[in-house]
Amino acid sequence: MKALVYHGPGQKKFENVPKPALREATDAVLRMTKTTICGTDLHILKGDVATVTAGRILGHEGTGIIEEIGTGVSRFHKGDRVLISCITACGKCEYCRRGMPSHCESGGWILGNTIDGTQAEFVRIPFADTSLYRIPEKADEEAMVMLSDILPTGYECGVLNGAVKLGDTVAIVGAGPIGLAALLTAQFYAPADIIMIDLDDNRLAVAKKLGATTLINSTDGKAAEKIMALTGGKGVDVAIEAVGVAATFELCQEIIGPGGHIANIGVHGKSVTLHLEKLWSQNITITTRLVDAVTTPLLLKNVLAGKLKPKQLITHHFTLDDILNAYDTFGNAGQKQALKVIITNE
């Protein structure tokens, strides 16, 4: 089959590789129908994720049709069209039972990380019963792809960890797909003001359409100053870091108000400075999290009800054979005005 293979920092190739086969009774093999590229994939290509080794097929999002199932799979059948969770859950270990399958003893974030992923014609899914979701007949499949990762990530790691509540002032640093997913789901809790901060005016314009109340272009380096002026010098109640670089985490520390929450979403490949000399007395909560994707059923209901419209995040379409161009577009998002790309294998 054809697949996008990582060959070390800065190196990737779309090439022929062996088709996956069942290994365990709980496995399923899917023919991929749609996938996408995540900012985490770009971090991998920069060498930021040491667990990803050369020869790995990338990708941890998408939809597919079940081709084969192991004898231990009971919830799905051949021919089912399914949504793939970015988190593989055995459903039985201590961490899964604690609602934290991101740290599953046999799974977690393994697709496109420690086992081959979804940017391919076929993929093997371990623990299929607890790592797949059947796609409802009338569902928009492109919208379903957004439920693999970015929506639960923005919601769980940003909104829930940030404890967003009615009347809050929320600042989201980074208006890329994850930041916009946090923007969409923060509105469940009716914050009074959602401030979007980014370097890109196009992304900020999209954020405005999706519900942001205040836009700040941080190119001039004065974002913190502007936010403190907007809040009367108090700072924001919630600061969500959705980029994964030192400068954006620094900004969150500068703008958070007393009693506030800093919720980190970004994938950090390098160390950042924690300013405890300023924050220690301010009753600040700082959270980190790898998405657990336990909120996928809740988000799916809201998508089907039309209350959550993630298809708005899709800007470009490619075929699997054209995945290298998809990476070029996604990796040059500012120039190409790209958010999420859909890669189709049908």
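Residues numbered from 1 in each chain as written. Predicted model: local features only at pLDDT ≥ 70, side-chain atom pairs only at ≥ 80, totals over all residues. Heavy atoms only, no water.

A closer look at the overall build of the protein chain
Assigned secondary structure in the protein chain consists of 13 helices and 16 strands. Against the compact-globule benchmark of 20 Å for 346 residues, the protein chain has a radius of gyration of 20 Å, which places it among compact chains. Along the first, second and third principal axes, the C-alpha set of the protein chain runs to 60 × 40 × 40 Å. Looking at the 346 residues of the protein chain, the share that counts as buried comes to 57%. (Helix = DSSP H or I, 4+ residues; strand = E, 2+ residues; numbered from the N terminus. Rg over C-alpha atoms; globule rule 2.2 N^0.38 Å. Buried < 20%, exposed > 50% of the residue type's maximum accessible area, 1.4 Å probe, protein only.)

Thoughts on the nonpolar core
Nonpolar side chains in soluble globular proteins tend to be buried together. Residues Leu180, Leu183 and Met196 are the most contacted members of the largest nonpolar core, which totals 66 residues. Looking at this core, the element that brings in the most residues is helix H6 (residues 177–186), giving 7 residues. In this structure, Leu180 is in contact with Ala175, Met196, Val206, Ala207, Leu210, Leu313 and Leu339, ignoring residues within four places of it in sequence. Among the nonpolar cores identified, the runner-up in size contains 18 residues, and Ile195, Ile216, Ile255 and Leu279 belong to it. (Core = buried A, V, L, I, M, F, W, Y, C linked by side-chain atoms within 4.5 Å. Contact = heavy atoms within 4.5 Å.)

Brief notes about the side chain of Thr295
Residue placement: Thr295 occurs in the loop between strand S14 (285–287) and helix H11 (296–304). Assessed through its relative accessible area of 10%, Thr295 is described here as buried. A polar atom in the side chain of Thr295 sits 2.8 Å from the side chain of Glu156. In contact with Thr295, not counting residues within four places along its chain, are Pro152, Tyr155, Glu156 and Leu160. (Polar contact = N/O pair within 3.5 Å; in protein donor to acceptor, adjacent residues only side chain to side chain.)

Topic: unusual backbone geometry
Of note in the backbone geometry, Ala293 takes a positive phi value of approximately 60° without being a glycine. With respect to the helices and strands, the residue Ala293 is situated in the loop between S14 and H11. For Gln337, which is not glycine, the phi dihedral falls at a positive 55°. Assignment of secondary structure puts Gln337 in the loop between helix H13 (333–336) and strand S16 (340–344).

Observations regarding the pattern of salt bridges
On inspection of all chains with the given rule, the structure shows 13 salt bridges. Between Arg98 and Glu94 there is a salt bridge whose closest N-O contact spans 3.3 Å. Overall, the relative accessible area of 54% leaves Arg98 in the exposed class. Judged by relative accessible area, Glu94 falls into the partly exposed class, the value being 46%. (Salt bridge = Lys/Arg side-chain N within 4 Å of Asp/Glu carboxyl O.)

Observations regarding the pairing of strand S11 (residues 214–217)
Residues Thr214 and Ile216 of S11 are buried on one face, while the alternating residues Leu215 and Asn217, pointing to the opposite face, are not. Inspection of the sheet shows strand S10 (residues 193–198) paired to S11 by 4 bridges, in the parallel sense. The residue of S11 that forms the bridge with Ile195 is Thr214. Note that the unit made of S10, helix H7 (residues 201–209) and S11 has a crossover that is right-handed. (Pairing = 2+ DSSP bridges. Right-handed = clockwise from strand over helix to strand, strands pointing away.)

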